[in-house]
Amino acid sequence: MDVHGTVTEGFEPVRAAFARNFRTLGDRGAAVAVYRDGRRVVDLWAGVRDVDGTEPWERGTAQVVRSATKGVAAAVLLLLHQRGELDLDAPVGHHWPEFKAHGKERVLVRHVLNHRAGLPALDHPLTLREAADPLRSAGALAAQPPAWEPGTDHGYHALTYGWLLDALVRRVTGRGSGEWIASEIAGPLGLDLWVGLPDAQAHRVGRVGPVEPPEQPGVLRARPKRAVADAYADPASLTRRAFAAITPFPDQNDPAFRAAALPAANGIATADGLARFYASLIGPVDGVRLLDPATVGLARAEESAGPDRVLVVGTRFGLGYMLHGGASPFLGPGSFGHPGRGGSLGFADPETGVAFGYVTNGLRRTVTADPRAQALIRAVRHVVG
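Given the structure is predicted, the values throughout are model-derived calculations rather than measurements. Going along each chain's sequence as written, the residues are numbered from 1 onward. Only residues with pLDDT of 70 or above have their local features reported here, since the model is predicted, and side-chain atom pairs are shown and tallied only from 80 upward, although totals for entire chains, interfaces and linings are computed over all residues. The side-chain quantities take in all heavy atoms of the structure and omit both hydrogens and water.

Caption draft 1: Highlighting the pairing of strand β12 (residues 345–349). Each residue gets one of three labels from its accessible area relative to the maximum for its type: buried under 20%, exposed over 50%, partly exposed in between, using a 1.4 Å probe on protein chains only. The secondary structure listing takes helices from DSSP runs of H or I that are at least 4 residues long and strands from runs of E that are at least 2 residues long, numbered from the N terminus. In terms of burial, β12 is a largely internal element, 5 of the 5 residues being buried. What you see with β12 is no split at all: L345, F347 and D349 on one side and G346 and A348 on the other are buried throughout. Pairing of strand β11 (residues 336–339) with β12 involves 4 bridges; the strand directions are antiparallel. By the bridge assignment, P339 is partnered in β12 with L345. Once β11 ends, the chain turns through 5 residues before running back antiparallel as β12, passing G342 with a positive phi of about 110 degrees. For β12 and strand β13 (residues 354–360), the ladder comprises 5 bridges, and the chain directions are antiparallel. Across the sheet, A348 pairs through a bridge with A355, a residue of β13. Pairing between strands is defined by DSSP: at least two bridges between them are needed. Linkage of β12 to β13, two consecutive antiparallel strands, is achieved through a turn of 4 residues, within which G353 is found at a positive phi near 75 degrees.

See below:
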């Protein structure tokens, strides 16, 4: 496999790990980027642009990154808070009066970010067209009773996270979250990153699809715990219902899915776009820094920890970001970021000044801790200590 791109002296182990992902872990097309102290030190890509094609991946090829979108979307609420336009401890209903129904007057803005709102699933799932309609998705959440007393427990809001966040952003700013990200985050930083793909950029995006890890003699495949497997197998479980909030789940290669602004699930980015975004959270990148140190402290302070009602494993969340832990290992204890189901990942580590982005077109059956991204993280850790 020919690996293209550059690494700064000392980061050669990342190139070696990236190449091994193709030889031993089944990557078809992927890219990885790493920034340190606001400067790009790794920019690599290899393989094919489409998981089922032969056209080569090029610098600037983008892919759907699934829930890695959540980390970008979280920055919207944090920036509004930083600017004094949004109080994280205010009730959501203060901005959105219709939301108060069914005891949801106790849902705070921070509960949207820390997965404690109690609204991971809908009794009446939405179609893609309904999910892309901000009035319809907001109305569905306003009418939905919580699955638990808001604020008392946490469970991953796989899809509803995005509708909750978007409804707040619209009521505070008058703009949708995808539009806000484009003008206030991606634009100033020059990011190849979109939530709601413009037609003019569609030619840059590869096709994604499922891949199975290659068989390795003498190596047993890890199997999920029985409780996790049972939760995903049971249509009535909160786990299945959370991931089925859009039913049927759309084809991720469908132009209608890519054009919709679903800030929990359908961001499209390059590896450099993700890494550059996270670099700007913890320091200046070409003179632009998004979050001040106090807001970074909020983002990575533990808000939720322990058994997750949806993912059925122990998870840790700050405000909008997963935190380093067993379910989602990043670079170190102070790291914060977000994986995307299937493999993509972005995170920042303020202690080392590292920001990381990985995107792939080969989606594996992983929600967190994809082995390809983990191999790259180990290589970065080897370099930075």
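Here the narrative resumes.
Caption draft 2: Broad picture of the side chain of T239. With respect to the helices, strands and loops of the structure, T239 is situated in helix α10 (residues 238–243). Excluding anything up to four places from it in sequence, T239 contacts A231, Y232, R309, V310 and V312. Here, two residues are considered to be in contact whenever any of their heavy atoms come within 4.5 Å of each other.

Caption draft 3: Geometry of the packing of aromatic side chains. Any pair of Phe, Tyr and Trp rings, taking the six-membered ring for Trp, is counted once the centres come within 6.5 Å. Such a pair is stacked with planes under 30 degrees apart, edge-to-face with planes over 60 apart, and tilted for the rest. Summed over the entire model, instances satisfying the criterion amount to 12 aromatic pairs. Between the aromatic rings of Y278 and Y321, the centroid separation amounts to 6.2 Å while the plane-to-plane angle is 70 degrees, which identifies the pairing as edge-to-face. Residue Y278 is located in helix α12 (residues 271–282), and its partner Y321 is located in the loop between β9 (314–317) and β10 (322–323); the two are separated by 43 residues in the primary sequence. Given the relative accessible area of 0%, Y278 is considered buried. The exposure class assigned to Y321 is buried, which follows from its relative accessible area of 0%. Measuring from ring centre to ring centre gives 5.3 Å for F330 and F347, while their planes differ by 15 degrees; the resulting arrangement is stacked. Here F330 is found in the loop between β10 and β11, whereas its partner F347 is found in strand β12, with 17 residues between them in sequence. F347 shares its class with F330; the two are buried. Residue placement shows K104 over the ring face of F99; its charged tip is 5.1 Å from the ring centre. Over a ring means this: the NZ of a Lys or the CZ of an Arg is within 6 Å of the ring centre and within 35 degrees of the ring normal. One cation-aromatic arrangement involves R341 over F243; the distance from NZ or CZ to the ring centre is 4.4 Å.

Any link to function would need more than the numbers given here.
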